[in-house]
Amino acid sequence: MSEQTTTDLRETVRQRYAAAAVKVTEGSAACCGPEPVEVDENFGSTLYAADDRDALPAEAVAASLGCGNPTAVAELREGERVLDLGSGGGIDVLLSARRVGPTGKAYGLDMTDEMLELALANAEKAGAANVEFLKGTIEAIPLPANTIDVVISNCVINLSTDKPAVFAETYRVLRPGGRIGVSDVVADDALTSGQRAERGDYVGCIAGALSFTEYRTGLEAAGFTEVEITPTHPVADGMHSAIVRAIKPQTVTSSSASGQAEGACCGVNACCTSAESSQDPAVTVTEAKTASGCGCQS
């Protein structure tokens, strides 16, 4: 895919979700409250339990555009740190924050200013103190390595034009033993890219979907193990909403660690903390990170 095509597709996605956020925001000022931005039974807030919907601001529910409910399958626990890729109006972040409790934290990452503004307003309405929304892309997550317990996402990874980067970044930010629990659209292995495009456009979460084999291969190439992809309901002919689970291994073998000391990351001890120091006294921390290609450069 050319750089121009990638840029154009990302901007098309951004515009679509910005428009959805504006629709919800404008609707919240109307006498009857915000209307859901999706009415298709395969996408949107109807995929959440009524108790979950009732516990959140109406604007967070109305802005839901996903194909599942990742918080229902991620098995979140008290005190965990959760990251939602493509957090939109914040529905999954707010639900996650309730599940991990005051000792945990839920992050939301989105590239759309309008959605981030809506999510912040929803968090304030919900009184959620253990949430933080970040601006950025899911191909370059603005968080340090080894800091997240669980990564969730709701029908967003299929929108990326660089899915290997998404898988690699997800792996990087997860702590050893961390896990992913995402909802996404997945295609039957028999469908070609052209056939997927015939069934729906890119921003509609169809044309960019990976096949079951492609999804599994991509996660395993990034380092994930125990990959499970379970279809839940059809969204088009040969296309499925699916639950995707995988684990970042708890331990790293000595050969793959490349001689790094325990607790070291990319040639740096206590990486991304105030106590970080280079393993090699002859080089600076910045030099060590640059030489190793560390994704956490700050």
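Data block above holds the structure.
A quick note: this is a predicted structure, and the numbers were derived from the prediction, not measured.

Visitor: Describe the overall build of the protein chain, with residues and values.
Guide: Tallying secondary structure elements over the protein chain gives 10 helices and 11 strands in all. Sorting the 298 residues of the protein chain into buried and exposed places 50% on the buried side. Across the protein chain, every contact between residues at least 6 apart in sequence was considered, and the portion connecting residues at least 24 apart equals 67%. With the model as given, the accessible surface of the protein chain reaches about 13500 Å², and the carbon-plus-sulfur share is 52%.

Visitor: Mind laying out the packing of helix α6 (residues 163–173) against helix α8 (residues 212–222), listing which residues take part and the relevant values?
Guide: Relative orientation of the contacting elements α6 and α8 amounts to 45 degrees, with a least axis distance of 9 Å. With respect to α8, the element α6 is oriented oblique. In this structure, α6 crosses over α8, and the sense of that crossing is right-handed. Of the residues in α8, those in contact with Phe167, Ala168 and Tyr171 of α6 are Tyr215, Gly218, Leu219 and Ala222. Residue classes in the contact of α6 with α8 are distributed as six nonpolar, one polar and no charged.

Visitor: Give me helix α5 (residues 113–126): which residues, what numbers.
Guide: Along its 14 residues, α5 runs 20 Å from first to last C-alpha, staying within 8% of the 20 Å computed at 1.5 Å per residue. One or two residues past the end of α5 sits Gly127, with phi positive at roughly 65 degrees.

Visitor: Which residues make up the environment of Ile141, and what values go with them?
Guide: Within the secondary structure layout, Ile141 lies in the loop between β3 (131–135) and β4 (148–154). Between the C-alpha atom of Ile141 and that of Thr170, which follows or precedes it by 29 residues, the distance is 7.8 Å. Beyond its immediate stretch of four places on either side in the chain, Ile141 contacts Leu83, Leu85, Leu109, Glu169, Thr170, Arg172 and Val173.

Visitor: Go over the pairing of strand β8 (residues 239–247) with me, naming the residues and quoting the values.
Guide: Taking burial as the measure, the nine residues of β8 include seven buried ones, the bulk of the element. Note: strand β7 (residues 225–236) against β8, eight bridges, orientation antiparallel. Bridge pairing in β8 links Thr225 to Ile247. Between the end of β7 and the start of β8, which pair antiparallel, lie two residues, with Gly238 showing a positive phi angle near 80 degrees.

Visitor: Could you give me a rundown of unusual backbone geometry, with the residues and numbers involved?
Guide: At Glu75, a position not held by glycine, the phi torsion is positive, near 55 degrees. With respect to the secondary-structure elements, Glu75 resides in the loop between α3 (58–62) and β1 (81–85). The exposure class assigned to Glu75 is exposed, which follows from its relative accessible area of 55%. A positive phi angle is found at Cys155, which is not glycine, with a value near 60 degrees. The residue Cys155 is located in the loop between β4 and α6 in this model.

Visitor: Account for α6, naming residues and giving values.
Guide: Most of α6 is tucked away, with eight of its 11 residues classed as buried. Among all positions in α6, only Lys163, Ala165, Val166, Phe167, Glu169, Thr170, Arg172 and Val173 are buried. Buried-residue contacts for α6 involve β1, β4, β5 (174–187), β6 (210–211) and α8.

Visitor: Pulling in residues and values, what's your account of the packing of aromatic side chains?
Guide: Geometrically, a pair of aromatic rings is defined through the distance of the ring centres and the angle of the planes. One pass over the structure, following the stated rule, counts two aromatic pairs. Ring centres of Phe167 and Tyr215 lie 5.5 Å apart, and the angle between their planes is 45 degrees; on these two criteria the pair is classed as tilted. You can see Phe167 sitting in helix α6 and its partner Tyr215 sitting in helix α8, a full 48 residues away along the chain. Accessibility assignment for this pair places Phe167 and Tyr215 in one class, buried. Ring geometry for Tyr171 against Phe224: centres 5.2 Å apart, planes inclined by 90 degrees, an arrangement best described as edge-to-face.

Visitor: Can you tell me about the pairing of strand β2 (residues 105–110), naming the residues and giving the values?
Guide: Each regular strand carries side chains that alternate between the two faces of the sheet. Taking burial as the measure, the six residues of β2 include five buried ones, the bulk of the element. Across five bridges, the pairing between β1 and β2 is parallel. Paired with Arg81 across the two strands is Lys105, which belongs to β2. Each parallel crossover has a hand, and the one from β1 via helix α4 (residues 91–100) to β2 is right-handed. As paired strands, β2 and β3 are joined by five bridges and run parallel to one another. When the sheet's bridge partners are listed, Asp110 is paired in β3 with Lys135. Handedness of the β2-α5-β3 crossover: right-handed.

About the thresholds
- Throughout, residues of each chain are indexed from 1 in the direction in which the sequence is written.
- Local features are withheld for residues below a pLDDT of 70 in this predicted model, meaning they are given only at 70 or higher, and side-chain atom pairs are given and counted only at 80 or more; totals for whole chains, interfaces and linings count all residues.
- Side-chain metrics in this entry use all non-hydrogen atoms of the structure; hydrogen atoms and water are not considered.
- By definition, any uninterrupted DSSP run of H or I lasting at least four residues is a helix, any uninterrupted run of E lasting at least two residues is a strand, and each is numbered from the N terminus.
- Categorising residues by exposure relies on relative accessible area from a 1.4 Å probe, with only protein chains included: less than 20% of the type maximum marks a residue as buried, more than 50% marks it as exposed, and the intermediate range marks it as partly exposed.
- What makes two residues a contact is simply this: any of their non-hydrogen atoms within 4.5 Å.
- Here, Shrake-Rupley sampling with a 1.4 Å probe gives the accessible areas, and only protein chains in the shown set may cover a residue.
- Lines fitted to C-alpha atoms define the axes here, with helix axes fitted over just the stretch in contact, and angles between the N-to-C directions of these axes take values from 0 to 180 degrees.
- Angular relationships are summarised with four words: roughly parallel below 35 degrees, roughly antiparallel beyond 145, roughly perpendicular across 65 to 115, and oblique for the angles in between.
- Left-handed is the label given to a crossing in which the near helix is rotated counterclockwise from the far helix by less than a right angle, and right-handed is the label when the rotation is clockwise.
- Side-chain classes are defined by residue name, with Ala, Val, Leu, Ile, Met, Phe, Trp, Tyr, Cys and Pro counting as nonpolar, Asp, Glu, Lys and Arg as charged, and the others, Gly among them, as polar.
- To estimate the expected span of a helix, count its residues, drop one, and scale the result by 1.5 Å.
- A pair of strands is considered paired only if DSSP assigns at least 2 bridges between the two.
- Centres within 6.5 Å are what make two rings of Phe, Tyr or Trp a pair, Trp counting through its six-membered ring; a difference in plane orientation under 30 degrees is then read as stacked, over 60 as edge-to-face, and the rest as tilted.
- By convention, a crossover is right-handed whenever its connection, traced from the first strand over the helix to the second and viewed with the strands pointing away, goes clockwise.

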